[in-house]
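Here are the chains, one letter per residue:
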Amino acid sequence: MTTTDGEDRIRRRPDDEEADIYDEDGNVRSDFLALVGAAIADRDTLFLRQNVARLHESEIGDLLESIQPDQRLALVRLLGDDFDMTALTEVDEAIRREIVDQMPNAQIAAAIGELDSDDAVYILEDLDKEDREEILAQLPFTERVRLRRALDYPESSAGRRMQTEFVAVPPFWTVGQTIDYMRDEEDLPYSFSQIFVIDPTFKLLGAVDLDQILRTKRQTKIEQIMRETNHPVPAEMDQEEAAQLFEQYDLLSAAVVDENGRLVGVLTIDDVVDVIHEEADEDIKRLGGVGDEELSDNVLSTVRSRFLWLLINLGTAMLSASVIGLFDGSIEKMIALAVLMPIVASMGGNAGTQTMTVTVRALATRDLDIYNAGRIIRREAGVGILNGIVFATIMGAIAGTWFHNYQLGGVIAAAMIINLVAAALAGILLPLLLDKMGADPAIASSVFVTTVTDCTGFFAFLGIATWWFGI
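Conventions used here
- Residues numbered from 1 in each chain as written.
- Predicted model: local features only at pLDDT ≥ 70, side-chain atom pairs only at ≥ 80, totals over all residues.
- Heavy atoms only, no water.
- UniProt positions renumbered as here; feature names shortened; annotations may be inferred.
- Helix = DSSP H or I, 4+ residues; strand = E, 2+ residues; numbered from the N terminus.
- Buried < 20%, exposed > 50% of the residue type's maximum accessible area, 1.4 Å probe, protein only.
- pLDDT = per-residue confidence, 0-100.
- Contact = heavy atoms within 4.5 Å.
- Expected span 1.5 Å × (residues − 1).
- Pairing = 2+ DSSP bridges.
- Axes fitted to C-alpha atoms, helices over the stretch in contact; angles between N-to-C directions.
- Polar contact = N/O pair within 3.5 Å; in protein donor to acceptor, adjacent residues only side chain to side chain.
- Arc of directions from axis to C-beta.
- 1 Å grid on protein atoms, 1.4 Å probe; cavity = no way out; pocket = protein on both sides within 12 Å on 5 of 7 lines; lining within 4 Å.
- Points joined across faces, edges and corners; volume = space filled by probe spheres on them.
- Phe/Tyr/Trp six-rings, centres within 6.5 Å; stacked < 30°, edge-to-face > 60°.

1. A few points about the UniProt feature "domain: CBS" (unreviewed entry) in the chain
Following the UniProt record, one finds the feature "domain: CBS" (unreviewed entry) at residues 226-282. With 44% helix and 23% strand, residues 226-282 has end C-alpha atoms that lie 39 Å from one another.

2. Observations regarding unusual backbone geometry
Of note in this structure, Arg43 is not a glycine but carries a positive phi near 55°. Within the secondary structure layout, Arg43 lies in the loop between α2 (30-41) and α3 (45-51). Arg43 sits in the exposed class, given a relative accessible area of 62%. For Asp250, which is not a glycine, the phi torsion comes out positive at approximately 55°. Within the element layout of this structure, Asp250 appears in the loop between α15 (239-249) and β5 (253-257). A residue is classified by how much of its surface remains accessible, and Asp250, at 67% relative accessible area, is exposed.

3. Structural notes on the confidence of the model for the chain
Averaged over the chain, the pLDDT score is 87; the fraction of residues at 70 or greater is 93%. With pLDDT under 50 throughout, residues 1-18 is counted as low confidence; its partners more than four residues away or in other chains account for 25 contacts.

4. A look at helix α19 (residues 336-364)
Between its first and last C-alpha atoms α19 spans 43 Å; for 29 residues at 1.5 Å apiece the expected length is 42 Å, and the two agree. Of the residues one or two after α19, Arg366 is the one with positive phi, at around 65°.

5. Considerations on the sheet that holds strand β6 (residues 263-268)
Across the sheet, which stays open at both edges, the three strands sit in the order β4-β5-β6 with mixed pairing between neighbours. The open sheet terminates on both sides in strands that have one partner only, identified here as β4 (233-234) and β6. Contacting β4, β5 and β6, α15 runs over the sheet at an angle of about 65° to β6.

6. Let's talk about the side chain of Arg72
Relative to the elements of secondary structure, Arg72 occurs in helix α5 (residues 69-79). When its relative accessible area of 7% is taken as the criterion, Arg72 is described as buried. Separated by 2.7 Å, the side chain of Arg72 and the backbone oxygen of Leu64 make a polar contact. Here Glu98 takes part through its side chain, which lies 3.4 Å from a polar atom of the side chain of Arg72. When near neighbours in sequence (up to four residues on either side) are disregarded, Arg72 contacts Leu64, Glu65, Ile67, Ile95, Glu98 and Ile99.

7. Structural notes on helix α10 (residues 141-152)
Its twelve residues give α10 an end-to-end C-alpha distance of 16 Å, which sits within 8% of 16 Å, the value for a rise of 1.5 Å per residue. Of the positions making up α10, those classed as buried are Arg144, Leu147, Ala150 and Leu151. Each buried residue of α10 sits inside an arc of 130° when the element is viewed along its axis, so together they form one side. Across α10 from its buried face, at more than 90 degrees, point the exposed residues Phe141 and Asp152.

8. Notes on the sheet that holds strand β2 (residues 194-198)
Taken together, the three strands give an open sheet; going across it, the order is β1-β2-β3, and neighbouring strands pair in mixed fashion. Two strands in the sheet have a free side with no partner beyond their single neighbour: β1 (168-169) and β3 (204-209). With five bridges joining them, β2 and β3 adopt antiparallel strand pairing. Residue pairing in the sheet places Phe196 in a bridge with Ala207 of β3.

9. A short note on the layout of surface pockets
Considered as a void within the structure, the second largest pocket measures approximately 480 Å³ in volume. In terms of lining residues, the second largest pocket is bounded by 20 residues, among which Glu240, Leu363, Ala364, Arg366 and Asp435 are the most central. Of all the secondary structure elements, the ones that give two or more residues to the lining of the second largest pocket are α15, α16 (269-287), α19 and α22 (441-469). With four residues, the single largest contributor to the lining of the second largest pocket is α16.

10. Concerning the packing of aromatic side chains
If you walk through the whole model with that rule in mind, you get four aromatic pairs. With centroids separated by 5.7 Å and ring planes inclined at 70°, the aromatic side chains of Phe327 and Phe459 adopt a geometry described as edge-to-face. Taken together, the positions of Phe327 in the loop between α17 (299-325) and α18 (328-333) and Phe459 in helix α22 put the pair 132 residues apart, joining distant regions of the chain. With a relative accessible area of 11%, Phe327 lands in the buried category.

11. Side note on the UniProt feature "transmembrane region" (unreviewed entry) in the chain
In this structure's numbering, the residues bearing the UniProt feature "transmembrane region" (unreviewed entry) are residues 307-327, 385-404, 410-434 and 446-469. For residues 385-404, the helix share is 95%, the strand share is 0%, and the end-to-end C-alpha distance is 27 Å.

12. Observations regarding the environment of Thr201
Of note, Thr201 is situated in the loop between β2 and β3. Here the alpha-carbon distance between Thr201 and Leu263, two residues 62 residues apart in the chain, equals 9.3 Å. Of the polar contacts made by the side chain of Thr201, one reaches the side chain of Asp199; its length is 2.7 Å.

13. Notes on the side chain of Asp258
Note on placement: Asp258 falls in the loop between β5 and β6. Taking relative accessible area as the criterion, Asp258 reaches 12% and is therefore assigned buried. There is a polar contact of 2.9 Å between the side chain of Asp258 and the backbone nitrogen of Asn260. Apart from residues no more than four positions distant in its own chain, Asp258 is found in contact with Tyr153 and Val264.

14. Things to note about the environment of Glu143
With respect to the element layout, Glu143 can be found in helix α10. Linking Glu143 and Thr164, residues 21 residues apart in sequence, is a C-alpha distance of 9.1 Å.

This is the structure we're talking about:
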């Protein structure tokens, strides 16, 4: 087969040499995608094992998202045992399910046996219960029990995110015994930074950092150098709350305990970074009313994801239209009102969205609470008043000059102040109210804030104009 210069260059690259598969924009290089596609079509397993299997799991994930859907499963099958299943934790959920659903359960079980428990749970939780049980049944007893215990915890909890592989020793061991244990024991985590100290019932007593172990004489007992565990995480705790603990106390890892204080796992910073990314991504999507939509979703899934909030938005838009309908006679007599009223509503909508975005994020990060809510509300009201005065002056002058009617300029100026103050208050009070009621403010705030600003803007502008001009 004739090869291009690029293909020949990639084929000749030593396996241990780093290959940059990304272009300057951070996308997978088009020439590399073409070579991988050609290798899949030609069933060139040698090329794929030399140039794809050796990539980092995140790079394989990006590659899977970049190639054509019909090439993904073919790539996985051609790589066989050389395919790193951890890469499936780096792709969209729809792509992960698409690949896993087509893989034999025996192959999944064999691959999961090589993964860290947190990555294994991430893949298993997307499977049907029947397939999951069949896969678990093929795993060694100890590993099966660990994974089942993690899967029993609620979705999006610390227990689901934790790694069940950890190093735990009794307090009466010496540093020398602990070091020898770590040297001799084969079933240890691939990497760890802490050793946990437990009693015979597995109740967590404390922890010792590895650097402390290295600096201490062998005959010293663990109980003499252990410290209280920094902020152990309850297994039932929501993963977002656990991530906030890591952020607040600058943790690299944290013990995960059950309701009885027994050590069941460890939460590490790499998992917390994923949680922070997922939660931020989720909040942004919910603010836009798109739910859990992924770029890889098909047309029907995307329609279902967006339909509900579009339907709600239609209802709120009709509410705004009904406010305009109250003043249809005024609009007929003064056409300038129809020209100017969208400006008032649009300014209010943008101002409300600004305040709402800051408020929702502050609620998510726990920066906004009952102790500082009053101060923030007063601040936003002040911002609304000042912005209202500034833009009322600008728009009043423009409208007065445009229509040669400075009374009309005064009317839109007054309406602008009213609506920008209402927008600021709605942008902070509505998310606070939804949060107090136990609803996610990121989901519903945007629709309600926009409704408030539209209705207030239209009513203020058209109402003041009708009263002032007597129309």
